[in-house]
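Secondary and tertiary structure notes
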Amino acid sequence: MIEVKRVTKTYGKKDNKFVALNDISFVVPDGASVAIIGKSGSGKSTLMHAMSGLDRPELGEVVIDGRNILALKQKEVDRFRSATMSFIFQSFFVQANESCYDNVSLPLEIAGVPVHQRREKIEDALRAVELLDKKKSRARDLSGGQKQRLAVARAIVNNPKIIFADEPTGNLDSVTGEVVEDLLFSYNKRNGITLIIVTHDPDLASKCDIKIYIKDGKIESIKNKSESQQIRTKAPIKSVKLKRQAKVQL
Amino acid sequence: MKIRDITIRAGRSLRQAKARTILTSLAIGVGAFTIVLSLAAGSGGRAYTADIISSNTNVKELYVQPKPDVNNDPTKPKKYSTDPTMSYGGGFSVKLLKDSDIDKLNKIKNVESVTPVYLVTVKYVTRQGQDKYQASVATYNESVKVDYVAGSADGIDKKGVIIPDSYVEALGFKSPEGAIGKDVQIAAEKGSSSLVAPEIKPFNFTVVGVYEQSALAVSGSDSLRLSKDDTKALYDFTTEGTAQHGTYVGATVIAKDVADVNDIKADIGKAGYEAQTAEDLMSFIFQFINVLQGILIGFGALAVLTSVFGIINTQYISVLERTQQIGLMKALGMSRRDVGRLFKLEAAWIGFLGGALGAGAAILVGVIGNPIIAKALKLGDINLLIFEPLTVIGVIVGLVLVAVAAGILPARKAAKLDPIEALRTE
């Protein structure tokens, strides 16, 4: 469970003061999919950064599984993030010069996973995004959709509890975007991980259990899917089939 | 993150910028090359010197000279003295030893013998039915290493002579062996004879040995070797009646025992002379080699210093280029310390690569150059460049440390990078 309590973040000083997050509070249950929706500059990315401990708001608490990560030391936050969280970004941030295998290996190395345990995890993750045949290819040779699938593999390889996705389909066309969305949601449902998506795309947002609308650093509204749907999400769902590879590469 | 993984990642990102990595490490390589080569030349030089000295000097031997003038300023006039001196150009002169000085030296405790340095000028050497050839004469010294082609020093006391192999053919011998036992004439000019009608007298000597000019011999190479007594006789003949007679540039003192050498040196010093032992001579030359080596190493250090700025520059650029990557790694929970380590290890790789390249090139130069140098300087089997594995490893390790030190600033920049800012960079 993630509890965001009265988080406030300001930039600048005195006259130039700019409130990016203004007294934000909400609760995300485990295994939920959350959309943080807002225009650019609304503070939605800042909120994501605060929730993941990348940023340090001056006020408020972010309590994940009973620990206020904002009160942790930098080292502990780093360790906590490496053990429980992962990220997907709009512009992928895969390492173009590295092989797919090495890209996916990075979170495991950072988390200090022993060498002999890595191969299986990496191959499982690549298999889940249907890139196992590309494991030796360099990331730069992949298409945009493949790169984002690689980023998904990197995000799931260390079995995180929370995945933060910042406009995950922003740089993709609708077909490949949908493939990535399906991947994320199916992983979210199957493994019960919490998925937090920052987006301004209403279609993507509509697929999430909880929609948090942000405007000018404040929560405008929080909308839940109907109770029935929410209960349904707890039940195991068969894996969402990937669209055909050929289609992805369109 | 494990050091192993960081090291592999560091190596990988260097491979991805091959040209830059190699160029940066070449700078440090130049330093490594210079340092390794000068260290090798230094140890080679010392070994060479030790070899020369041990094969040319006797450890029981001391070389004695008069104390130089305190006032040795060539720009000022010097007081007249009746003591004999030898003048060089430019107002420099050295004092000479007299027979009375030799007697004084002889009286010093534990001195076995004193031999003045006889400077003998002879006119020519010849053999019946052969042409006359210019020659120089030196005293046979049993402590000087001599490689005999034929014969030996046996019988040198009985009007014997040892000739260099270059004279064999000139004197009409068919082979070095053929020269043994044959007579040669060495002619000298009587010192007191008049300039207009010089009296030149040939002396008969029997060839007892033929020596090969040794690469290690510093004195008397290419000269005819006579016994001490014969040299003295020639010396007396050529200088008697001149001012030169009874004066010597130096003298060789032989101690009764090696243990007495230092006491004798002190006594000679008290008596007003300067004495050099074989050890002194060696340490003097070593000092000279060390200074030369130090200068060369200084140049190497300068190259290393320059390369330090190269590394700092390269690593700064690398940090800027990889802002996103650093941001991602930090977002994924990589600690500041590990990010810093990643960049320091990259610098270490550059240092290692440069050190290994430079040292390798230096060793290659040594392997190729040693025979060439030995041939050019006629050193025989001597290597003038000696690479000691520990020294080479030490240099490489040192350069790795220097490179890591150079990488500290860029590494700190990388470690301090704000991941949010870094990931915003498009």
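Quick caveat, the model's predicted, so the values are computed rather than measured.

Further remarks concern the overall build of chain B. Across its full length, chain B carries twelve helices and 15 strands. Scaling as 2.2 N^0.38, a compact globule of 426 residues should have a C-alpha radius of gyration of about 22 Å, whereas chain B reaches 33 Å, well beyond that. Taken over the C-alpha atoms alone, chain B extends approximately 105 × 55 × 45 Å along its principal axes. Within chain B, the fraction of its 426 residues that count as buried is 44%. In chain B, the proportion of contacts linking residues at least 24 apart, taken out of those at least 6 apart, comes to 80%. For chain B, the exposed area adds up to about 21800 Å²; of that, 59% sits on carbon and sulfur atoms. Here chain B contributes 46 positive and 42 negative side-chain charges, whose respective centroids are spaced 12 Å apart.

With that settled, consider the overall build of chain A. If you tally the helices and strands in chain A, you get nine helices and ten strands. Whereas a compact globule of 250 residues would reach a radius of gyration of roughly 18 Å, chain A reaches 18 Å, a difference of no more than 12%. By residue count, 53% of the 250 residues in chain A fall in the buried class. Split by element, the accessible area of chain A, about 11700 Å² in all, is 49% carbon and sulfur.

The next subject is the interface of chain A and chain B. Opposite the 25 residues of chain A that make contact, chain B presents 23 residues. Taking both partners together, chain A and chain B bury about 2300 Å²; carbon and sulfur atoms supply 57% of that area. For the chain A face of the interface with chain B, the top three residues by lost area are Phe93(A), Glu109(A) and Ile110(A), together amounting to 25%. Our count for the chain A to chain B interface comes out at five salt bridges. Put simply, Glu98(A) and Arg12(B) hold a salt bridge, and the shortest N to O gap is 3.7 Å.

All names here are of chain A. The strand order across the open sheet built from six strands is β6-β7-β8-β3-β9-β10, with neighbouring strands paired in mixed fashion. Each having just a single partner strand, β6 (85-88) and β10 (218-224) make up the two edges of the open sheet. The sheet shows a mean angle of 15 degrees between the axes of neighbouring strands, direction not considered. Bridge analysis of strand β3 (residues 33-37) against strand β9 (residues 210-215) gives four bridges, and the strand direction is parallel. Bridge pairing in β9 links valine 34 to isoleucine 210. Contacting β3, β6, β7 (162-166), β8 (194-199) and β9, helix α1 (residues 44-51) runs over the sheet at an angle of about 155 degrees to β8. This element, helix α6 (residues 174-191), spans β3, β6, β7 and β8 of the sheet and lies at about 150 degrees to β8.

Low-pLDDT stretches of the model should not have their predicted coordinates read in fine detail. All names here are of chain A. Averaged over chain A, the pLDDT score is 87; the fraction of residues at 70 or greater is 90%. Residue range residues 230-240 is modelled with pLDDT below 50. Its contacts to residues more than four positions away, or to other chains, number eleven contacts. Across residues 242-250 the pLDDT falls below 50, and counting only partners more than four positions away or on other chains, this stretch makes 18 contacts in the model.

The subject of this paragraph is the pattern of salt bridges. Residues and elements named next belong to chain A. With the rule as written, the count across this model stands at 25 salt bridges over all chains. Ionic pairing is found between aspartate 23 and arginine 6, a salt bridge with its closest N-O pair at 3.1 Å. With aspartate 23 in strand β2 (residues 18-28) and arginine 6 in strand β1 (residues 2-11), the pair connects residues that are 17 residues apart, well separated along the chain. Owing to a relative accessible area of 36%, aspartate 23 belongs among the partly exposed residues under this scheme.

Bringing the environment of Gly300(B) into the picture now. Residue and element names in this part refer to chain B. Structurally, glycine 300 can be placed in helix α8 (residues 278-321). Residue classification places glycine 300 among the buried positions, given a relative accessible area of 0%. For glycine 300 and valine 196, which are 104 residues apart along the polypeptide, the C-alpha to C-alpha distance reads 62 Å.

The nonpolar side chains of a soluble globular protein tend to be buried with one another. Of all hydrophobic cores here, the largest spans 54 residues; its most connected members are Ile2(A) and Met51(A). For Ile2(A), the contacting residues outside a window of four places in its chain are Phe26(A), Val27(A), Val28(A), Met51(A), Val62(A), Val63(A), Ile64(A), Ile162(A), Thr194(A) and Ile196(A). Formed by 43 residues, the second largest nonpolar core is a distinct cluster that contains Ile108(B), Leu226(B), Tyr235(B) and Ala275(B).

Turning next to the packing of aromatic side chains. Any two aromatic rings considered together are summarised by their centre-to-centre distance and by the angle between their planes. Applying the stated rule across the entire model yields eight aromatic pairs over all chains. What links up through ring pairs into an aromatic cluster is the set Phe87(A), Phe89(A), Phe93(A) and Phe164(A). Between the NZ or CZ atom of Arg225(B) and the centre of the ring of Tyr211(B), over which it lies, the distance is 4.5 Å.

Bringing the packing of helix α5 (residues 144-156) of chain A against α6(A) into the picture now. All names here are of chain A. At a minimum axis separation of 9 Å, α5 and α6 run at an interaxial angle of 15 degrees. On the basis of their axis angle, the class for α5 and α6 is roughly parallel. Crossing of α5 against α6: the hand is right-handed. Residues Gly145, Gln148, Arg149, Val152 and Ile156 of α5 form the contact with α6, whose own contacting residues are Thr176, Val179, Val180, Leu183, Leu184 and Tyr187. Looking at the contact of α5 with α6 residue by residue, the class counts come to seven nonpolar, three polar and one charged.

Below, the discussion takes up the sheet that holds β2(A). All names here are of chain A. Ordered in space as β2-β1-β4-β5, the four strands form an open sheet in which the pairing is antiparallel. The sheet terminates laterally at β2 and β5 (67-68), the two strands that pair on one side only. Where strand β4 (residues 59-64) lies against β5, two bridges are found, and the strand directions are antiparallel. Residue valine 63 lies in a different strand from β5, and its bridge partner there is asparagine 68. Across the sheet, α1 touches β1, β2 and β4, and the angle it forms with β2 is around 60 degrees.

A word on the side chain of Lys44(A). All names here are of chain A. Along the chain, lysine 44 turns up in helix α1. Summary of buried charges: lysine 44 has no salt-bridge partner, and the nearest side chain of opposite charge, glutamate 167, is 4.1 Å away. Only 3.2 Å separates the side chain of lysine 44 from the backbone oxygen of glycine 38, close enough to count as a polar contact. Look past the residues within four positions of lysine 44 in its chain and what remains in contact with it is Ile36, Ile37, Gly38, Lys39, Glu167, Val198, Thr199, His200 and Ile214.

With that settled, the discussion passes to a nonpolar patch on the surface. Taken together, Phe288(B), Val291(B), Leu292(B), Ile295(B), Leu296(B), Phe299(B), Leu302(B), Leu305(B) and Phe309(B) make up a surface patch of nonpolar side chains, about 930 Å² in accessible area. The class for Leu302(B) is exposed, based on a relative accessible area of 52%.

Scoring rules and cut-offs
Residues numbered from 1 in each chain as written. Chains lettered and ligands numbered in written order. Predicted model: local features only at pLDDT ≥ 70, side-chain atom pairs only at ≥ 80, totals over all residues. Heavy atoms only, no water. Helix = DSSP H or I, 4+ residues; strand = E, 2+ residues; numbered from the N terminus. Rg over C-alpha atoms; globule rule 2.2 N^0.38 Å. Buried < 20%, exposed > 50% of the residue type's maximum accessible area, 1.4 Å probe, protein only. Contact = heavy atoms within 4.5 Å. Areas by Shrake-Rupley, 256 points an atom, 1.4 Å probe, with all protein chains shown as cover. Lys, Arg positive; Asp, Glu negative; His and termini not counted. Charge placed at Lys NZ, Arg CZ, Asp CG, Glu CD. Buried area = accessible area lost by both parts, 1.4 Å probe. Salt bridge = Lys/Arg side-chain N within 4 Å of Asp/Glu carboxyl O. Pairing = 2+ DSSP bridges. Axes fitted to C-alpha atoms, helices over the stretch in contact; angles between N-to-C directions. pLDDT = per-residue confidence, 0-100. Core = buried A, V, L, I, M, F, W, Y, C linked by side-chain atoms within 4.5 Å. Phe/Tyr/Trp six-rings, centres within 6.5 Å; stacked < 30°, edge-to-face > 60°. Lys NZ or Arg CZ within 6 Å of the ring centre and 35° of its normal. Parallel < 35°, antiparallel > 145°, perpendicular 65-115°, else oblique. Left-handed = near helix turned anticlockwise from the far one by under 90°. Nonpolar A, V, L, I, M, F, W, Y, C, P; charged D, E, K, R; others polar. Polar contact = N/O pair within 3.5 Å; in protein donor to acceptor, adjacent residues only side chain to side chain. Patch = residues over 30% accessible without salt bridge, like charges linked within 9 Å, V, L, I, M, F, W, Y side chains within 5 Å.

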